[in-house]
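Here is what each chain is made of, one letter per residue.
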Amino acid sequence: MTRKTWITLAAMVALAVLPPVFYWTGNAFYLDLATRLTILAIAAVSLNLILGYGGLISFGHAAYLGLGAYAVGIPAYHWLYDGIGDWATNGFVHIGLAVAITSTFALITGAICLRTRGVYFIMITMAFAQMIYYLIVSIETYGGDDGLVIDTRSEFPGLNLDKPLQLFGLAYVSLVVVMLLVNMIVNSRFGMVLQAAKGNNERTVTLGFNTYIFQLVAYVISGAIAGYAGALLGNFTTFISPEMMDWRTSGELMFMVILGGTATILGPVLGSAAFILLEEILVDSLTWVEHLLDGILGMKIELSNYWHLPFGLLLIIIVLYVRGGLMGLINRKED
Amino acid sequence: MAALLDISGLNKSFGGIKATDDLNLSVEPGELHAIIGPNGAGKTTLISQLCGLQRPDTGAIRFKGRDVTHVPPHRRARLGMTRSYQITSLIMEMSVRDNIALAVQARDGHAFRFIAAARKDRRLREQADALLARVGLQAKADMKAVALSHGEHRHMEIAIALASQAELMLLDEPMAGLGSEETKAMVKLLKGIKGKHSILLIEHDMDAVFALADRISVLVYGHIIATGTPDDIRSNSAVQQAYLGEDA
Ligand SMILES: Nc1ncnc2c1ncn2[C@@H]1O[C@H](COP(=O)(O)OP(=O)(O)OP(=O)(O)O)[C@@H](O)[C@H]1O
Ligand SMILES: [Mg+2]
């Protein structure tokens, strides 16, 4: 096994073991953090399939997260207020809906977006995502701007997602399955064509591959996985708002992928972890400085509101100076 | 016998420049047909129209008796046409073997397979390695394409063309930028291929062209001013004036 495989295994074991240990030792908050991180990592891994391996810089991935979450929230809403059947709380129905809706959305928008290249592709993927955002905002029934509270979580036989540990378990297993799936796809014959098209599209076409279709299929797979992650996210937050699907969230997902290392299997997971933990640490330490300033000098500055500033700077430094993101740091020692 | 490739009345302009001017040309089965012509004569533009990357303004391209003028490039490749590039065009981030294996896969079909690992596919790997051995690059199979020299890249281009097992190879200046030793090696390689595949060869190196070609066409300002055997072309006064004369 290569060093990279070892590190991937070690990281995944740590992610499996640490959160439950925190939970059992009375730090439930860290389990929550880990669950959020794991779910966003699934979305990041799916984005990496098209962004990292396909070279398709999609700036609209949050739409899939949002659609997936509403696929849980909307049936649950009608179950509660309109008394439709219990199927509306069934987890398989939720996931089926999430995947069906997001893959259809990916197929239709992808067919159009993939006709463009470069900056145009970035802009048009973002435009489609914003379209969904405004669509949801306009639907008063589901809370519009204010968002929608999910009153009941998805129901699976033998699984209770109201129990934080079980929800984490589902997210973790899903992440592992998605990582294996994406790893399989990128190493398959299909994946070779996808990566070749990223490196040199014209050459791949003149070899005899209709790269448009390959990219579209990857786009749909990526969207469906992100939709699934969205369904999990809805179960985790038990609240969805259109904000979850605006361009900022799409940008954050892109950052996670680039920060961790594009076109690697573990990269997006490390990127999500670094992103979520860094955010937490910065807010905490700024709050600490805030209290300190208040206590000693009597200055009341809400420093923690400005955590984005050092956060953004750090991200920019890493992206600029560490080629290949965090995985680049790990791999550098290999050669 | 019907021509494998038959081009009739092809025209293509870029703004005011006529890159292809009422061009008629054919490639017979098994033939090596060379095109010579000064810089900017429209040789690469012709290849791009033949492989489908550029659309002619008017005219028709028939391949194996079928009108392919409006067939998209990936379908033309599948019909049995392959091209190499004057300016090396490889997938630089991939390994040398992966580049060739991809070309093998293009012919093999079954690209919509998502499960089995392509690099462990013995059929792809063995054929790729055999092709690399044929062009003398077996020792570099695991290196990234970007790490190879210009001459080696030219050989990779040929290995990719060979991998396709295409009936018609469109080779755009395979000797471009090669030293004299490397050119000799390339001529030897092409001699080995000749006859097994029909070839439309674009080349500036006159010695190579006269050593390899069955027929030669001379392209000047997008128009073919002469077509004939190497001897015909050598003794053609119009050609000498327009082209060969400048060299001498
Ligand atoms: N995409 C393009 N847009 C505008 N003009 C072009 C384009 N491609 C080629 N040309 C012009 O068309 C003419 C033919 O170019 P082409 O590259 O086909 O020549 P060539 O015979 O291959 O030359 P060389 O021997 O230098 O490779 C040139 O005048 C060139 O500037
Ligand atoms: Mg040229």
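All names here are of chain B. With distances of 1.9 to 2.0 Å, the protein atoms coordinating the magnesium ion (ligand 2) are T44 (OG1) and Q86 (OE1). Of this pair, T44 sits in helix α1 (residues 43–51) while Q86 sits in the loop between β6 (81–83) and α3 (96–108); the two residues are 42 residues apart in sequence, bridging distant segments of the chain. What makes T44 partly exposed here is its relative accessible area of 29%.

With a phi angle near 50 degrees, T238 of chain A is a residue other than glycine that sits in the positive phi range. Residue T238 of chain A is classed as partly exposed on the basis of its relative accessible area, which comes to 22%. One non-glycine residue, D22 of chain B, lies in the positive phi region at around 40 degrees. With respect to the helices, strands and loops of the structure, D22 of chain B is situated in strand β2 (residues 17–27).

Here we take up the packing of aromatic side chains. As enumerated under the stated definition, the model contains 17 aromatic pairs over all chains in all. Relative to F114 of chain B, the ring of F190 of chain A lies with its centre 4.5 Å away and its plane at 35 degrees, an arrangement referred to as tilted. Note that F190 of chain A is positioned in helix α7 (residues 189–199) and F114 of chain B in the loop between α3 and α4 (122–134), a pairing that runs across two chains. Relative to F311 of chain A, the ring of F275 of chain A lies with its centre 4.9 Å away and its plane at 80 degrees, an arrangement referred to as edge-to-face. Placement of the pair is F275 of chain A in helix α11 (residues 267–297) and F311 of chain A in helix α12 (residues 308–321), with a sequence separation of 36 residues. Classification of F275 of chain A as buried rests on a relative accessible area of 2%. Clustering of aromatic rings is evident, with ring pairs tying together F190, F209 and F214 of chain A together with F112 and F114 of chain B. Positioned above the aromatic ring of F210 of chain B is the side chain of R234 of chain B, whose terminal nitrogen or guanidinium carbon lies 4.4 Å from the ring centre.

Residue and element names in this part refer to chain B. Each domain of chain B was delimited in the assignment, giving domain 1 (1–80 + 166–248) and domain 2 (88–165). Each of domain 1 and domain 2 has a C-alpha centre, and these two points are 25 Å apart. Across the boundary between the two partners, domain 1 contributes 18 residues, which contact 13 residues of domain 2. Inspection of the region where domain 1 meets domain 2 yields 0 salt bridges. For the pair domain 1 and domain 2, the number of links is 5 residue pairs in polar contact (both at pLDDT 80 or more). For the side of domain 1 that touches domain 2, the elements supplying multiple residues, two or more each, are β7 (168–172) and α6 (180–193). Element by element, the count of residues in the side of domain 1 that touches domain 2 is highest for α6, at 6 residues. Residues that form the side of domain 1 that touches domain 2 fall into these classes: 11 nonpolar, 2 polar and 5 charged.

With that settled, consider the pattern of salt bridges. Within this structure, the stated rule accounts for 16 salt bridges over all chains. Its salt-bridge partner being R234 of chain B, residue D231 of chain B comes within 3.2 Å of it at the nearest N-O pair. Of this pair, D231 of chain B and R234 of chain B both sit in helix α8 (residues 230–235), separated by 3 residues, roughly a single helical turn. For D231 of chain B, a relative accessible area of 53% puts it in the exposed group. Residues joined by salt bridges that share partners form a network here, namely R189 of chain A together with D108, D121 and R123 of chain B.

Attention now moves to α11 of chain A. Owing to its 3.6 residues per turn, the α-helix brings residues three or four apart onto one side. When the terminal C-alpha atoms of α11 of chain A are compared, their 43 Å separation across 31 residues agrees well with the 45 Å that a helix rising 1.5 Å per residue should span. The first or second residue beyond α11 of chain A is G298 of chain A, which carries a positive phi of 70 degrees.

Grouped together as the largest cluster of nonpolar side chains are 157 residues, with contacts concentrated most on L175 and V182 of chain A together with L190 of chain B. Considering every element that reaches this core, the biggest residue donor is helix α2 (residues 28–51) of chain A, with 15 residues. Sequence-distant contacts of V182 of chain A, that is, excluding residues within four places in its chain, are made with V45, L49, Y53, I225 and I265 of chain A.

Further remarks concern the sheet that holds strand β1 (residues 5–14) of chain B. Residues and elements named next belong to chain B. Strands sit in the order β2-β1-β4-β5 across an open sheet of 4 strands; the sheet is antiparallel. Taken across any chain shown, the strands that pair with only one partner, and hence form the sheet edges, are β2 and β5 (66–67). Pairing analysis gives 5 bridges linking β1 to strand β4 (residues 58–63), with the strands arranged antiparallel. Counted as the bridge partner of N11 is T58 from β4. In the packing of α1 onto the sheet, contacts are made with β1, β2 and β4, and the angle to β1 comes to roughly 120 degrees.

Right, let's talk about the sheet that holds strand β3 (residues 32–36) of chain B for a bit. Residues and elements named next belong to chain B. As summarised here, the arrangement of the 6 strands in space is β6-β7-β8-β3-β9-β10, forming an open sheet in which the pairing is mixed. Two strands close off the open sheet at either side, each with one partner strand: β6 and β10 (223–228). Pairs of neighbouring strands in the sheet enclose a mean axial angle of 15 degrees, with direction left out of account. The sheet strands contacting α1 are β3, β6, β7, β8 (198–202) and β9 (215–220), and the helix crosses β6 at an angle near 145 degrees.

The rules behind each value
Residues numbered from 1 in each chain as written. Chains lettered and ligands numbered in written order. Predicted model: local features only at pLDDT ≥ 70, side-chain atom pairs only at ≥ 80, totals over all residues. Heavy atoms only, no water. Donors = N, O, S within 2.8 Å, 3.2 Å for Na, K, Ca; no water. Helix = DSSP H or I, 4+ residues; strand = E, 2+ residues; numbered from the N terminus. Buried < 20%, exposed > 50% of the residue type's maximum accessible area, 1.4 Å probe, protein only. Phe/Tyr/Trp six-rings, centres within 6.5 Å; stacked < 30°, edge-to-face > 60°. Lys NZ or Arg CZ within 6 Å of the ring centre and 35° of its normal. Domains from an automatic or database assignment. Contact = heavy atoms within 4.5 Å. Salt bridge = Lys/Arg side-chain N within 4 Å of Asp/Glu carboxyl O. Polar contact = N/O pair within 3.5 Å; in protein donor to acceptor, adjacent residues only side chain to side chain. Nonpolar A, V, L, I, M, F, W, Y, C, P; charged D, E, K, R; others polar. Expected span 1.5 Å × (residues − 1). Core = buried A, V, L, I, M, F, W, Y, C linked by side-chain atoms within 4.5 Å. Pairing = 2+ DSSP bridges. Axes fitted to C-alpha atoms, helices over the stretch in contact; angles between N-to-C directions.

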